[in-house]
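Descriptive analysis of the structure
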Amino acid sequence: MKVKFYGTRGSIAISNRESIKYGGNTTCIRIYSECLPKDLVMGIDGGTGFVPMSYDILREGVVKEVVLMFTHYHHDHILGLFLSPITFMKNIKLKLFGPVDGNIGVKKMMEDFMRPPYFPVHYKEVNSHITCMNLEFPRTLVILFHPHGYKIMNIDDFERITGSNGFIPIGKGKYPVEEFLVVTMYKSRHPEQTVSYRFEEKSTGKKFVFLTDHENEDGIPNSFKAHVEGVHLLVMDSQYSREKYDKMTAGYGHGTPDYCVRVAETLNVKKLGLTHHDPSSRDKDIEAILEEAKRASTKNDIQIFACADYEEVEV
Ligand SMILES: [Zn+2]
Ligand SMILES: [Zn+2]
């Protein structure tokens, strides 16, 4: 399993000469796994990074379907979707998964944003190749990817089948759990209904958690522990230095490097990537946040890095 970051910025996209190394696109990442169908691309969030990701997908020329899973619908996680060529291309299926907040799920979000006067085209004029799927009560669901397709399943049914070494139906066949990429979800600590996704590639045992838009909290709840414990790669929100957080940004829904390190070390994470960089952070400020994380670290065997746009990381 491998991830590629196409957007690692939080809040708003930026462009300036002091922010070349880490980039300025907002949140979007692509996940590569041998358990995905060969003609399918899967990613998280549609921030402005989704536009360059879309052009990469088109250059590859083989992709028939794109699945995007939204953490939540703040602007920095959706804006790239409306200017991606894939949103307008009828020959590539676009499947959107996301949480429900109040009565607003993925489809309503698309309808709300793709309409005049905010946007020149109505969602209903482009949506013949787009399917929206609400993840209501994400903790009760599991998303299963397999080289022959994918499906959403109730987590109790999934555990019943896997507990009895049963086979999971996908399309016309049934397959053992060892062939799947299994996605489970956890609610982040953020002002809106926000999902953290956990990916477990059963064929290799590799695990990855994407935990953005998540604020520091005291203690580690058991459900959080189960979500993050022992993962090979944790990519986590570290938008603010501890100093900035204590002075002015506590309660904004974002994390600090020392908290990310505490979580990662307590839960035996192998690699920690810091993301959701503040728009006011230049490269040197992000490097200072990375140093702050390394200073907070008490273990030698954890690898800590700051995520950068267009960088690929092996899980
Ligand atoms: Zn955000
Ligand atoms: Zn947010």
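So, here is what we can say about the structure in this document. Computed from a predicted structure; not experimentally measured. (Residues numbered from 1 in each chain as written. Chains lettered and ligands numbered in written order. Predicted model: local features only at pLDDT ≥ 70, side-chain atom pairs only at ≥ 80, totals over all residues. Heavy atoms only, no water.)

**A closer look at the overall build of the chain**
Our working definition: Secondary structure is summarised from DSSP: a helix means a run of H or I of at least four residues, a strand means a run of E of at least two, and numbering begins at the N terminus for each. Each residue gets one of three labels from its accessible area relative to the maximum for its type: buried under 20%, exposed over 50%, partly exposed in between, using a 1.4 Å probe on protein chains only. The criterion used for residue contact is that any of the two residues' heavy atoms lie within 4.5 Å.
In terms of helices and strands, the chain carries eight helices and 17 strands. Dimensions of the chain, computed from C-alpha atoms along their principal axes, come out at roughly 55 × 55 × 40 Å. Across the 315 residues of the chain, 58% fall into the buried class. Counting contacts in the chain only where the partners sit at least 6 residues apart, residues at least 24 apart contribute 69% of the total.

**A short note on the pattern of salt bridges**
Side chains bearing opposite charge may pair, as long as their charged atoms lie close to each other. Our working rule: Think of a salt bridge as a Lys or Arg side-chain nitrogen and an Asp or Glu carboxyl oxygen that are within 4 Å of each other.
According to the stated counting rule, one finds 17 salt bridges in the structure shown. A salt bridge links Lys2 to Glu312, with the nearest nitrogen and oxygen atoms 3.0 Å apart. Separated by 310 residues along the polypeptide, Lys2 in strand S1 (residues 2-7) and Glu312 in strand S17 (residues 312-314) bring together distant segments of the chain. The exposure class of Lys2 is partly exposed, given its relative accessible area of 22%. Using a relative accessible area of 41% as the deciding quantity, one classes Glu312 as partly exposed.

**Focus on the side chain of Thr27**
Following the sequence through the fold, Thr27 ends up in the loop between S1 and strand S2 (28-32). Setting aside anything within four residues of it in sequence, one finds Thr27 in contact with Gly7, Arg9, Asp45, Gly46, Gly47, Asp76, His77, Phe210 and His276.

**Considerations on helix H2 (residues 106-113)**
Quick reminder of the rule: Our arc is simply the arc of the directions from the helix axis toward the C-beta atoms.
Every buried residue of H2 is accounted for by Val106, Met109 and Met110. Along the axis of H2, the buried residues cluster in a sector spanning 100 degrees; they form a single face. Among the structural elements, strand S5 (93-99), helix H3 (123-126) and strand S6 (130-135) are those in contact with the buried residues of H2.

**Concerning the coordination of the zinc ion (ligand 2)**
Formally: Each metal site is built from N, O and S donor atoms within 2.8 Å (3.2 Å for Na, K and Ca), and since water is not included, such sites may look incomplete. Sites are called tetrahedral only when four donors show all angles between 85 and 135 degrees, square planar or octahedral only when four or six donors show opposite pairs over 155 degrees and all other angles between 65 and 115, and irregular in any remaining case.
Distances from the zinc ion (ligand 2) to its protein donors, His72 (NE2), His74 (ND1), His190 (NE2) and Asp213 (OD), fall at 2.1 to 2.4 Å. Of note is the zinc ion (ligand 2), whose four donor atoms meet at the metal with angles of 89 to 170 degrees in an arrangement that counts as irregular. Here the donor residues of the zinc ion (ligand 2) share one chain and are spaced in sequence as H-x1-H-x115-H-x22-D. The distance between the zinc ion (ligand 2) and the zinc ion (ligand 1) comes to 3.5 Å, with Asp213 serving as a donor to both metals. On the criterion of sequence distance, the pair formed by His72 in the loop between strand S4 (65-69) and S5 and Asp213 in the loop between strand S13 (206-211) and helix H5 (222-228) is long-range, its members being 141 residues apart. Summarising the burial analysis for this pair, His72 and Asp213 share the class buried.

**Describing the sheet that holds strand S12 (residues 195-201)**
Basically, it comes down to this: One requirement defines pairing of two strands: DSSP has to find at least two bridges between them. To get an axis, fit a line to the C-alpha atoms, keeping to the stretch in contact for a helix; angles then go from 0 to 180 degrees between the N-to-C directions.
Reading across the sheet, the eight strands line up as S8-S7-S11-S12-S13-S14-S15-S16 and stay open at both edges, with mixed pairing between neighbours. In this open sheet, the two edge strands, each paired with only one partner strand, are strand S8 (149-154) and strand S16 (303-306). For this sheet, the mean angle separating the axes of adjacent strands, direction not counted, is 20 degrees. Note: strand S11 (residues 181-187) against S12, seven bridges, orientation antiparallel.

**A word on the coordination of the zinc ion (ligand 1)**
As a benchmark, a tetrahedral metal site with four donors has ideal angles of 109.5 degrees, while an octahedral site with six donors has ideal angles of 90 or 180 degrees. Only Asp76 (OD), His77 (NE2), Asp213 (OD) and His276 (NE2) from the protein reach the zinc ion (ligand 1) as donors, at distances of 2.1 to 2.3 Å. Here the donor residues of the zinc ion (ligand 1) are spaced in sequence according to D-H-x135-D-x62-H.

**Some details on the environment of Phe210**
Considering the arrangement of structural elements, one finds Phe210 in strand S13. According to the relative accessible area criterion, Phe210 is buried, its value standing at 1%. In the structure, Phe210 is positioned 63 residues away from Pro147 in sequence and 22 Å away in space, judged by C-alpha atoms. Excluding residues that lie within four positions of it along the chain, Phe210 makes contacts with Thr27, Ile29, Ile44, Asp45, Thr71, Ser196, Tyr197, Val235 and Thr275.

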